[in-house]
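One letter stands for each residue in the lines below.
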Amino acid sequence: MTTPLFNRMALIGVGLIGSSIARAARAQGVVRSIVATARSGPTRARVAELGIADRVVDTNAAAVDGADLVILCIPVGQCGAVAAEIAPRLAPGAIVSDVGSVKAAVVKDVAPHIPAGVHFVPAHPVAGTENSGPDAGFPELFIDRWCILTPPEGTDPAATDKLATFWSAIGANVETMTPEHHDLVLAITSHLPHLIAYTIVGTADELGRVTRSEVLKFSAGGFRDFTRIAASDPTMWRDIFLANRDAVLEMLGTFGEDLSKLTRAIRRGDGDTLFDLFTRTRAIRRGIVQIGQDSDAPDFGRPHQRKLPPLPRPYMAEGE
Ligand code: NAP
């Protein structure tokens, strides 16, 4: 990109997502300068040390001074209070966005604080890892991942377009939908899977009081894939479940009914029901790989030992 899209981008919160945005925006030259801040002194010091922003400042209000793009990269539960803090210092014509994993609650908490003449365009990059903090970010995080924009009614379409261009420039595919629709879709594709992972790992931990070493030792049987999701940041996920309560409860109701059907099938020895469902779910996995949303490498591409160990001498055949 020859002319930067934005003159000054302010990042409030520089964890996994904020630091990935900083790295990607700089690599692509989409912003002329980056000002960053975080809640704690140690995080701000680390961001300065990493050199991923041009300036690191101590307060959220100071960060937004003169910025034409402000992105809140903080837990969703913090967005309302931070919006109130920055509102008086927002420059006319600026775009304010966020990256929260829940949208309706963020719109409800943030929109009332946005002054006239400032554009609020909420966003959710559907990309991440189980790691947090400024060191966890990397510039390629958003490549070929979706970024969902959820502009509230009445948002200037030019502001939405400009933010869409920003996300495309750092690698994402962009889609626009209402905040409510976003929350319903993400409840099933992200929030419920996390809840299930947290439950399974929690249950295994309870059982682990009896069989702890076995749970860890035999985790490759499937358990360890849940542990990756269940290692996600506790603050972020607490806030997501509280903020998207209605959609999650709706999906949990449906999930509970489906789980009961499977329980009944197992109890009755109804193999056809199990087989039919497992066939359908396998096709869904193939579909995800086909549209490039995951690798087709077996076992998620984990490295495996290439050589079998040499046979111990006492087990070798006679005469060898
Ligand atoms: P993170 O790594 O834990 O970073 C959060 C950052 O926010 C930290 O720099 C933290 O500063 C700062 N912060 C918290 N409260 C603040 C406040 N009141 N004022 C200023 N800074 C504050 O979190 P993350 O994974 O980047 O997630 C950030 C947001 O992205 C969340 O809303 C989440 O829903 C969304 N999201 C996450 C993922 C994912 O996979 N992680 C994916 C998509 C969207 P300190 O370190 O000083 O506390």
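Bear in mind that the values here come from a model prediction, so they are computed numbers and not experimental data.

A.B. asks: With reference to specific residues and values, describe the packing of aromatic side chains.
C.D. replies: The description of an aromatic ring pair uses the distance of the two centres, along with the angle that the planes make with each other. Under the counting rule described, the total for this entry stands at four aromatic pairs. Centre to centre, the rings of Phe 6 and Phe 166 are 6.1 Å apart; their planes meet at 75°, and the pair counts as edge-to-face. In this pair, Phe 6 is assigned in strand E1 (residues 6-12) and Phe 166 in helix H6 (residues 157-169), connecting sequence segments 160 residues apart. A relative accessible area of 1% places Phe 6 in the buried class. With 5.0 Å between their ring centres and 85° between their planes, Phe 142 and Trp 167 make a pair best called edge-to-face. Taken together, the residues Phe 142 in the loop between strand E7 (123-126) and strand E8 (146-149) and Trp 167 in helix H6 connect sequence positions 25 residues apart. Across the pair, exposure class does not vary: Phe 142 and Trp 167 are buried alike. Members of the aromatic cluster, joined through ring pairs, are Phe 6, Phe 142, Phe 166 and Trp 167. Positioned above the aromatic ring of Phe 6, the side-chain terminus of Lys 162 is 4.5 Å from the ring centre.

A.B. asks: With reference to specific residues and values, describe the site of the ligand.
C.D. replies: As a matter of local geometry, the ligand sits amid 28 residues, with Ser 40, Thr 43, Ile 74, Ser 101 and Gly 133 nearest to it. Here a nitrogen atom of the ligand and a side-chain polar atom of Gln 78 are 2.9 Å apart. Within the backbone of Gly 133, a nitrogen or oxygen atom sits 2.8 Å from an oxygen atom of the ligand. For the shell around the ligand, the residue count by class is 14 nonpolar, 13 polar and one charged.

A.B. asks: I'd like a rundown of the sheet that holds E8, residues and numbers included.
C.D. replies: Judged by pairing direction, the sheet is mixed, and its three strands sit side by side in the order E7-E8-E9 without closing on themselves. On the outer flanks of this sheet lie E7 and strand E9 (173-176), each paired with one strand and no other. Ignoring strand direction, the axes of neighbouring strands in this sheet form an average angle of 20°. Sheet strands in contact with H6 are E7, E8 and E9, and its direction is about 170° off that of E8.

A.B. asks: For helix H4 (residues 79-86), give the residues involved together with the corresponding values.
C.D. replies: For H4, every residue scored as buried is listed here: Cys 79, Gly 80, Val 82, Ala 83 and Ile 86. Down the axis of H4, the buried side of the element spans an arc of 165°, and every buried residue falls inside it. Packed against the buried residues of H4 are E1, helix H3 (60-64), strand E4 (69-72) and helix H5 (104-110).

A.B. asks: Tell me about the domain arrangement of the chain, residues and numbers included.
C.D. replies: What the domain assignment reports for the chain is domain 1 (6-177) and domain 2 (181-295). Relative to domain 2, the C-alpha centre of domain 1 lies at a distance of 30 Å. Facing 18 residues of domain 1, the contacting portion of domain 2 comprises 17 residues. Summed over both partners, the interface of domain 1 with domain 2 buries about 1400 Å², with 61% contributed by carbon and sulfur atoms. Ranking the residues of domain 1 by area buried against domain 2 places Ser 101, Val 102 and Glu 130 at the top, with a combined share of 36%. In this structure, Glu 130 and Arg 228 form a salt bridge, with 3.2 Å as the shortest nitrogen-oxygen distance. Viewed at the interface, domain 2 and domain 1 are joined by eight residue pairs in polar contact (both at pLDDT 80 or more). The set of elements that each furnish at least two residues to the side of domain 1 that touches domain 2 consists of H5 and E8. A breakdown of the residues in the side of domain 1 that touches domain 2 according to their chemical character gives eight nonpolar, six polar and four charged.

What counts as what
Residues numbered from 1 in each chain as written. Predicted model: local features only at pLDDT ≥ 70, side-chain atom pairs only at ≥ 80, totals over all residues. Heavy atoms only, no water. Phe/Tyr/Trp six-rings, centres within 6.5 Å; stacked < 30°, edge-to-face > 60°. Helix = DSSP H or I, 4+ residues; strand = E, 2+ residues; numbered from the N terminus. Buried < 20%, exposed > 50% of the residue type's maximum accessible area, 1.4 Å probe, protein only. Lys NZ or Arg CZ within 6 Å of the ring centre and 35° of its normal. Near = heavy atom within 4 Å. Polar contact = N/O pair within 3.5 Å; in protein donor to acceptor, adjacent residues only side chain to side chain. Nonpolar A, V, L, I, M, F, W, Y, C, P; charged D, E, K, R; others polar. Pairing = 2+ DSSP bridges. Axes fitted to C-alpha atoms, helices over the stretch in contact; angles between N-to-C directions. Contact = heavy atoms within 4.5 Å. Arc of directions from axis to C-beta. Domains from an automatic or database assignment. Buried area = accessible area lost by both parts, 1.4 Å probe. Salt bridge = Lys/Arg side-chain N within 4 Å of Asp/Glu carboxyl O.

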